[in-house]
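Overview (structure and organization)
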Amino acid sequence: MTKERIFNNAKIVTADETIEGSVLVRDGQIADISATPTAKADVDLEGAYLLPGLVELHTDHLESHYRPRPGVSWPAIGALLAHDAQIAAAGITTVFDALRAGTFDSEAGGLRRANDQLSNAISEARAASILRADHRVHLRCELPCPDTFDTVEELVERGLVELLSVMDHTPGERQFVSIDKFREYYLGKGIMSPERLEIFIGERRELNQLHSERNRRAIVNLAASRGLKLASHDDATETHVAEAIADGVSIAEFPTTENAARAAHESGLAVLMGAPNLVRGGSHSGNIPTADVAKAGCLDLMSSDYVPASLLHAAFALPDNAPGISLPEAVNVVSRNPARVMGLDDRGEIAAGKRADLIEVRLVDKHPVVRSVWRAGERVL
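As the structure is a computational prediction, the values presented were derived from the model and not from experiment.

**Quick notes on the pattern of salt bridges**
Where charged atoms from two side chains of opposite charge approach closely, those side chains can pair. Under the counting rule described, the total for this entry stands at 21 salt bridges. Taking the shortest distance from any N to any O, the salt bridge between R158 and D116 comes out at 3.0 Å. Here the residue R158 occupies a position in the loop between α4 (148–157) and β9 (161–167), and D116 occupies one in helix α3 (residues 110–128), the gap between them amounting to 42 residues. For E162, the salt bridge is made with R136, and the minimal N-O distance between the two is 2.9 Å. You can see E162 sitting in strand β9 and its partner R136 sitting in strand β8 (residues 134–142), a full 26 residues away along the chain. Through salt bridges that share partners, D134, R136, E162, D346 and R347 make up one connected network.

Given below as C-alpha cells:
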C-alpha cells in the first residue's frame, strides 16, 4: 500500500534555491516539489524552513556520553541512545560516529573496551531499529600508538567501518607543527607542569618515530583493499596534502592553514572544517578560522565535531560570515556534499527521487531551532 505525506507552506531549501511551496513524499522518497501551496496537507509548516537532514562525518560526541566523567563509564546502549537523541535534535539524520583507534600507555585497555562496547552497541541498535538517525562508524586512527593497526583491522573485519582518518597529534606534527604552540596550548590548560611537559614531548616524539609511518602504510593499504573512504587530519603544509593525495585520501579534515586548505581543495580533496570554529568565530587551538576557508572558496564540508547543534547553526551563519554564499549553498556544505563524498547519493538534498530525510527549522532571534525531523518519511522527532 502506497504511503504519502504532503508538507505544505514551507520555505523549501533545495540544492539551488529556496522555494515557498509544498513537498510530496511517497513511500519514504521525495516524489514532487511544488512552488505553490496545496489545498491538502498532512503537515502544515506555517512558513518554517524545510531542509534536508544533515549529514555528519566526524563527531566524537558519543564518547562523552560513554565517559561522562573521568573514570566513569555509562552502559554503551544507554550512551548511544542519549547521543542519538541529541544528534536527531540537532537535525542530523545520518551520522558517522568517530571512535578512536590507538591507545597510549596510560589508556591501555580502557579505550579498547570502549571501542568494543560502543561498536557493538551501534550494531545491535541498528539491527533493532531503535535509533532516530542512521548511525555509521568512522575510525580516527592515532598513528603513533603501537596498537593502532590491530584495532583498525579488528573493527574493519566486523564490517561496521566506512571511513578511516589518519591523524598524528605528536608535538611538532600536524595540528601542533610548532612545538612552541603545543607547549602554549598544554601549559595554558594546566594539564601538567613545564618539567613534566618536556618529558611528555620526548615520549610522544619517540612513539611517532617508532610507529607512525608503519601504521600509516598499513591503514592506507587496508582502506584501498576494502574500498573504504580515507581522510587526512590536520594537514598544515602542501607537503602534507601531497602525501594525502598519494595515499588516496578523499577528505581533508580540519586543515590548519590556508595554504593547506587551498592545496587540498584545488587538488580535488573535499575540505572539511569545524562548525564550532565558525560559530565561535575561530579555532579553539589557534588554527585557521572556518570563515576564512569559506571566504577563500575552499570550504566543501563542515562537521559539528564536539557540539552537535553547531552544524545547523553554522549553516545559517555561513552566508553572513562569507558573503556570496547563499543559504542553499551553505546547506549543501552540511548535507549534499558530505553525502556525496561518502557515496550516499540517495540523500542529502530535497529533490525528486531522494530519500525523505527532512527537518523543520524555525528561526528564533536568528537562531535555527529544529522542531521536527523525518527519516525516510517517518517522523523521528
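Okay, back to it.
**Side note on a nonpolar patch on the surface**
Taken together, the side chains of I77, L81 and I130 define a hydrophobic patch exposed on the protein surface, amounting to about 210 Å² of accessible area. Within the fold, I130 resides in the loop between α3 and β8.

**Things to note about helix α8 (residues 258–266)**
If you check which residues of α8 are buried, you get A260, A261, A263 and A264. The buried residues of α8 occupy one face: seen down the axis, they fall within an arc of 165°. Away from the buried face of α8 by more than 90 degrees, exposed residues N259 and E266 are located. Buried residues along α8 sit against α7 (238–246), β11 (251–253), β12 (270–274) and α10 (290–295).

**Description of unusual backbone geometry**
A positive phi angle is found at E46, which is not glycine, with a value near 55°. Tracing the sequence through the fold places E46 in the loop between β4 (43–44) and β5 (49–52). Its identity as a non-glycine residue notwithstanding, D365 has a phi of 50°, on the positive side. Take D365: it is sitting in the loop between β14 (358–364) and β15 (367–375).

**Structural notes on the packing of α4 against helix α6 (residues 194–226)**
In contact at an axis separation of 9 Å, α4 and α6 are set at 15° when each is read in the N-to-C sense. With respect to α6, the element α4 is oriented roughly parallel. Where α4 crosses over α6, the handedness of that crossing is right-handed. Across the interface between the two elements, T148, F149, V152, E153, V156 and E157 of α4 pack against N215, A218, I219, L222 and R226 of α6.

**Overview of α4**
A turn of α-helix holds 3.6 residues, and therefore any two residues three or four places apart point the same way. Burial in α4 covers these residues: T148, F149, T151, V152, L155 and V156. Buried residues of α4 fall within an arc of 160° about the axis and therefore sit on the same side. Directly beyond the C-terminal end of α4, a positive phi value near 85° is found at G159.

**Here we look at the pairing of β9**
Counting buried positions along β9 gives six out of seven residues, so the element sits mostly inside the fold. Relative to β9, β8 is paired through six bridges, and the arrangement is parallel. Looking at β9, one finds that L139 is bridged to L164. Considered for its hand, the β-α-β crossover made up of β8, α4 and β9 is right-handed. Pairing analysis gives four bridges linking β9 to strand β10 (residues 229–233), with the strands arranged parallel. Note that in β10 the partner of S165 across the bridge is A231.

**Examining the nonpolar core**
By size, the foremost hydrophobic cluster in this structure holds 77 residues, and its most contacted members are L139, V152, L164, I219, M302 and L318. The leading source of residues in this core is helix α11 (residues 310–321), at seven residues. With 15 residues, the next largest nonpolar core counts I30, A48, A356 and L358 among its residues.

About the thresholds
Residues numbered from 1 in each chain as written. Predicted model: local features only at pLDDT ≥ 70, side-chain atom pairs only at ≥ 80, totals over all residues. Heavy atoms only, no water. Salt bridge = Lys/Arg side-chain N within 4 Å of Asp/Glu carboxyl O. Helix = DSSP H or I, 4+ residues; strand = E, 2+ residues; numbered from the N terminus. Patch = residues over 30% accessible without salt bridge, like charges linked within 9 Å, V, L, I, M, F, W, Y side chains within 5 Å. Areas by Shrake-Rupley, 256 points an atom, 1.4 Å probe, with all protein chains shown as cover. Buried < 20%, exposed > 50% of the residue type's maximum accessible area, 1.4 Å probe, protein only. Arc of directions from axis to C-beta. Contact = heavy atoms within 4.5 Å. Axes fitted to C-alpha atoms, helices over the stretch in contact; angles between N-to-C directions. Parallel < 35°, antiparallel > 145°, perpendicular 65-115°, else oblique. Left-handed = near helix turned anticlockwise from the far one by under 90°. Pairing = 2+ DSSP bridges. Right-handed = clockwise from strand over helix to strand, strands pointing away. Core = buried A, V, L, I, M, F, W, Y, C linked by side-chain atoms within 4.5 Å.

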